[in-house]
Amino acid sequence: MASGAKAGGPPGRRGGRAVLASRAVSRNLADPLVSQPGPDEAQNGFPPLPAAPSGEGFAAPSAAPRPVPPGRSIVLVGMPGAGKSAIGRRLAARLGLPFLDADTEIENAAGMTVAEIFARYGEAHFRDGERRVIARIAAGPPVVLATGGGAYVDARTRRALREAGAVTLWLRADVPVLKRRIAGRSNRPLFIGREPEEVLRGMMQARYPFYAEADIALDCGEDTPEVTTIRAERAIAGWQRPARLPVALSANAYEVVVGSGLLPRAAGLLSPHLPSRRVAIVSDASVAALHLPVLRAGLLEGGFDIRAEVTVPPGEGSKRLSMLEEVLEGILAAGADRKTSVIALGGGVVGDLAGFAAAVALRGMPFVQIPTTLLAQVDSSVGGKTGVNLRAGKNLAGAFHQPRIVLADTDTLATLPARELRAGWGEVAKHGLLQGPLWEWCEACGPAAMAGDPEALRHAVLESCRLKSGVVVADEREEAPEGGRALLNLGHTFAHALEAECGYDGTLLHGEAVAVGLGLAASLSARLGHCAQEWPGRVMEHLAAVGLPARIQDLPRGFSAEALLGRMRKDKKVRDGAMRFVLLRGAGEAFTTADVPAEAVEALLRDEGAA
Ligand SMILES: NC(=O)c1ccc[n+]([C@@H]2O[C@H](COP(=O)([O-])OP(=O)(O)OC[C@H]3O[C@@H](n4cnc5c(N)ncnc54)[C@H](O)[C@@H]3O)[C@@H](O)[C@H]2O)c1
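Conventions we followed
- Residues numbered from 1 in each chain as written.
- Predicted model: local features only at pLDDT ≥ 70, side-chain atom pairs only at ≥ 80, totals over all residues.
- Buried ≥ 20, exposed ≤ 12 C-beta atoms within 10 Å, placed from the backbone.
- Helix = DSSP H or I, 4+ residues; strand = E, 2+ residues; numbered from the N terminus.
- Arc of directions from axis to C-beta.
- Contact = placed C-beta atoms within 7 Å.
- Near = placed C-beta within 6 Å.
- Nonpolar A, V, L, I, M, F, W, Y, C, P; charged D, E, K, R; others polar.
- Axes fitted to C-alpha atoms, helices over the stretch in contact; angles between N-to-C directions.
- Parallel < 35°, antiparallel > 145°, perpendicular 65-115°, else oblique.
- Left-handed = near helix turned anticlockwise from the far one by under 90°.
- Pairing = 2+ DSSP bridges.
- Core = buried A, V, L, I, M, F, W, Y, C linked by C-beta atoms within 7 Å.
- pLDDT = per-residue confidence, 0-100.
- Expected span 1.5 Å × (residues − 1).

1. Let's talk about helix α21 (residues 598-607)
Since one α-helical turn is 3.6 residues long, residues separated by three or four positions face the same way.
Part 1 of the reasoning: Listed as buried for α21 are Val601, Leu604 and Leu605. Down the axis, α21 shows its buried residues gathered within 100° of arc, on one side only. Summarising the geometry of α21, the exposed residues directed more than 90 degrees from the buried face are Glu599 and Ala600.
Part 2 of the reasoning: Each element contacted by the buried residues of α21 is listed here: α18 (510-527) and α20 (561-570).

2. Points about the site of the ligand
Part 1 of the reasoning: With respect to spatial proximity, 30 residues lie near the ligand, and among them Pro314, Gly347, Gly348, Thr373 and Ser380 are the closest.
Part 2 of the reasoning: Secondary-structure elements contributing two or more residues to the shell around the ligand are α10 (285-301), α12 (348-360), α13 (374-380), α14 (418-435) and α18.
Part 3 of the reasoning: Along the lines of polarity and charge, the residues of the shell around the ligand split into nine nonpolar, 14 polar and seven charged.

3. As for the environment of Ala232
Part 1 of the reasoning: When you line up the elements, Ala232 lands in helix α8 (residues 225-237).
Part 2 of the reasoning: For Ala232, a count of 26 C-beta atoms within 10 Å corresponds to the buried category.
Part 3 of the reasoning: On a C-alpha basis, the gap between Ala232 and Leu218 in space is 7.0 Å, while along the polypeptide they are 14 residues apart.
Part 4 of the reasoning: Ignoring anything within four residues of it in the chain, the contact list for Ala232 reads Ile87, Leu91, Leu169 and Leu218.

4. What to know about the packing of helix α6 (residues 175-182) against helix α7 (residues 196-211)
Part 1 of the reasoning: Their axes nearest at 10 Å, the elements α6 and α7 cross at an angle of 125°. By the criterion of interaxial angle, the relationship of α6 to α7 is oblique. Regarding α6 and α7, the two cross each other, and that crossing is right-handed. Residues Val175, Leu178, Lys179 and Ile182 of α6 form the contact with α7, whose own contacting residues are Pro196, Glu197, Leu200 and Arg201.
Part 2 of the reasoning: Per-class residue counts for the contact of α6 with α7 are five nonpolar, no polar and three charged.

5. A word on the sheet that holds strand β7 (residues 216-219)
Part 1 of the reasoning: One open sheet accounts for five strands, arranged β4-β5-β3-β6-β7; its pairing is parallel. Because the sheet does not close on itself, it has two edges, and the strands there are β4 (99-101) and β7. Between one strand and the next, the sheet's axes are offset by a mean angle of 25°, whatever the strand orientation.
Part 2 of the reasoning: Sheet topology note: the strand β3 (residues 74-78)/strand β6 (residues 167-172) ladder contains five bridges and is parallel. Pairing of Ile74 across the sheet is with Val167, part of β6.

6. A look at the nonpolar core
Among soluble globular proteins, nonpolar side chains are generally buried collectively.
Part 1 of the reasoning: By size, the foremost hydrophobic cluster in this structure holds 175 residues, and its most contacted members are Val282, Val327, Ile331, Val342, Leu353, Ala357 and Ala521.
Part 2 of the reasoning: Ranked by residue count, the leading element in this core is α18, at 10 residues.
Part 3 of the reasoning: Residues contacting Ala521, with those up to four places away along its chain left out, are Leu490, Gly491, Phe494, Phe581, Val582, Leu583 and Leu584.

7. Considering the environment of Leu76
Part 1 of the reasoning: The residue Leu76 is located in strand β3 in this model.
Part 2 of the reasoning: Taking the C-alpha atoms as reference points, Leu76 and Ala146, separated by 70 residues in sequence, lie 4.9 Å from one another.
Part 3 of the reasoning: Not counting the four nearest positions on each side in its chain, Leu76 is found in contact with Lys84, Ile87, Gly88, Leu145, Ala146, Thr147, Leu169 and Leu171.

8. Describing the pairing of strand β17 (residues 581-586)
Part 1 of the reasoning: Alignment of β17 against strand β18 (residues 589-593), held across five bridges, turns out to be antiparallel. Across the sheet, residue Phe581 finds its bridge partner in β18, namely Thr593.
Part 2 of the reasoning: Taken together, β17 and the strand that follows it, β18, pair antiparallel across an intervening segment of two residues, in which Gly588 is found at a positive phi of about 85°.

9. Examining the pairing of β6
Part 1 of the reasoning: With six of six residues buried, β6 lies mostly within the body of the structure.
Part 2 of the reasoning: Neither face of β6 is left uncovered, since the one carrying Val167, Leu169 and Leu171 and the one carrying Thr168, Trp170 and Arg172 both have all their residues buried.
Part 3 of the reasoning: Two elements, β6 and β7, share four bridges in a ladder whose sense is parallel. Across the sheet, Arg172 pairs through a bridge with Asp219, a residue of β7.

10. Side note on unusual backbone geometry
Note: most residues except glycine have negative phi, and most peptide bonds are trans.
Part 1 of the reasoning: The phi torsion at Leu362 lies on the positive side, around 55°, for a residue other than glycine.
Part 2 of the reasoning: In the Ramachandran plot, Arg363 falls in the positive-phi region, its phi being about 60° despite a non-glycine side chain.

11. Re the packing of helix α15 (residues 437-450) against helix α16 (residues 454-474)
Part 1 of the reasoning: Two elements in contact, α15 and α16, have axes whose closest approach is 10 Å; the angle formed by their N-to-C orientations is 145°. The element α15 and its partner α16 pack so that their crossing is left-handed. Across from Leu438, Cys445, Ala448 and Ala449 in α15, the residues of α16 making contact are Ala456, Leu457, Ala460, Glu463 and Leu467.
Part 2 of the reasoning: A breakdown of the residues in the contact of α15 with α16 according to their chemical character gives eight nonpolar, no polar and one charged.

12. Overview of the confidence of the model for the protein chain
Part 1 of the reasoning: Residues with a pLDDT of 70 or more make up 87% of the protein chain, whose mean pLDDT is 87.
Part 2 of the reasoning: In the predicted structure, residues 1-15 sits below a pLDDT of 50 and forms 34 contacts with residues beyond four places in sequence or in another chain.
Part 3 of the reasoning: The model gives residues 22-67 a pLDDT under 50, and that stretch makes 75 contacts with residues more than four places away or in other chains.

13. With respect to helix α1 (residues 84-95)
Part 1 of the reasoning: The terminal C-alpha atoms of α1 lie 16 Å apart, and with 12 residues this matches the ideal 16 Å at 1.5 Å per residue to within 8%.
Part 2 of the reasoning: Burial analysis of α1 places 10 of its 12 residues in the buried class, the great majority of the element.
Part 3 of the reasoning: Lys84, Ser85, Ala86, Ile87, Gly88, Arg90, Leu91, Ala92, Arg94 and Leu95 are the residues of α1 that are buried.
Part 4 of the reasoning: Of the surrounding secondary structure, the elements contacted by the buried residues of α1 are β3, β4, β5 (144-146), β6 and α8.
Part 5 of the reasoning: Phi turns positive, to about 70°, at Gly96, one or two residues after α1.

Set out below in structure tokens:
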């Protein structure tokens, strides 16, 4: 039975039970990030321009304007008093771009002040004009544009900015700072005759969920405008638009978003894809301790209601029926309904378990994958296979349940133990062998990726997801008589048998088992005359180069060929009693077959190190 724990407290016990924290989560509108301290020059709004950057707390900024990617406007969004105009002007000067203030543009176009437009025609009329002006500016040459506080709340404005390729930057500051900055500004229609703090809090509640969709969020707090400008410039320079890969299934299409810095932005990335802002998060204790606080803070700020946080012990042992029951109880006891989305935050174990829970709870709840291992980012989070292991074998109870969206934040890989990172490469190498040119890239760049090169990791995730998504779209439920989704099982008949023999005790990680399986599949292909004799050596050489085992004899324990064969005969890939294998003619030329004599498999297992 699940036991209660305060969300955000110490990670769950590792005693083999799920840990549940379900609560009525209060909205936390305070700035969750620590601001760089700076002299408070902003008692009554920002000081006038120009001012030399103080650079306080930072390396001296370069004097020369930095180039921004051509054709992109920078659009500042945020609350009144956040500093959009003051920062925008300074940023434009540093970037060598024109600065425009949307309110001024509207006033010029209308020939009257914003307050007059509000008074004479009402807010709806003003918003209409605001939307048109922003869309026109966004479609033109690049500028730095400061928008009014309510502009980004409009879905059409957000879409126009996205479609124009603008980079949106949300400037965040907390209530006391905003209150101080707007004091004495008499021309803000929404504040006239009202208590500013109350107005600000109401606005935050209504607007933060939309601001959360901005590309970059920057806490400016008490910083001077100069410091915030430098931080904004750096954030823009270091920002890379996440890649969005469509998984174009006819009934359940979704996107895989791959990039860095996605976890803190999860609210904005998820909300357009979910039926409500109610969620239940399932994670494992190790991942929860590392990454749940960032996800939680971002979701709460974006107006999400986190109904439950369920953590399970890390490792394959959690992919079992009794843990599924605990996860289900945890989610449902917290009052989740069919519009509550289950978020899996973790590796393949959490993804498979939480996905299965989402598939069967209330006969199906919406599901989100936020994979945090390389293996989960390149493979298990895409394709909708969910399930748990039984004593009879791996993944034998499960369901197809596609996620609504996958957020693969490659930053989370930085905390992954090296062995787990390598294990994930087993699936990348598999995708390389299935795809062709990706295999040559793996041979060239695998060692760099394993050394943590972020660009190589991003490429591996992106290209793996591209390959997997194509295969899944063509054969979602693995029903093709030949080829199709079953090709993704390259190396897996062997791998599952090896894992089952180890009892999922951590001796052999799934990706390591896949690596040995790839070596065995290449050897079997060569022995049966399907591929050139050089292939097994080439595959094994690459696996060794990235630190993966490639042969049974590389593993730290012994295996019996007979026992392995027994396991393979029970694998769910067996059809009409015949074992099925995925074999290779070369990279990019895999095929499925049941035409493999058991004696050939047994001889191979013995030659490769099984007793
Ligand atoms: N559904 C599918 O299509 C599919 C495909 C391939 C594999 N799988 C399944 O995936 C599972 C293996 O997944 P896995 O390799 O991700 O294992 P895992 O989920 O057990 O994660 C491995 C370990 O890494 C830790 N971890 C995860 N993310 C971390 C991070 N960012 N920083 C630090 N530690 C982190 C976890 O706590 C765990 O201890 C297997 O059960 C396999 O059957 C499923």
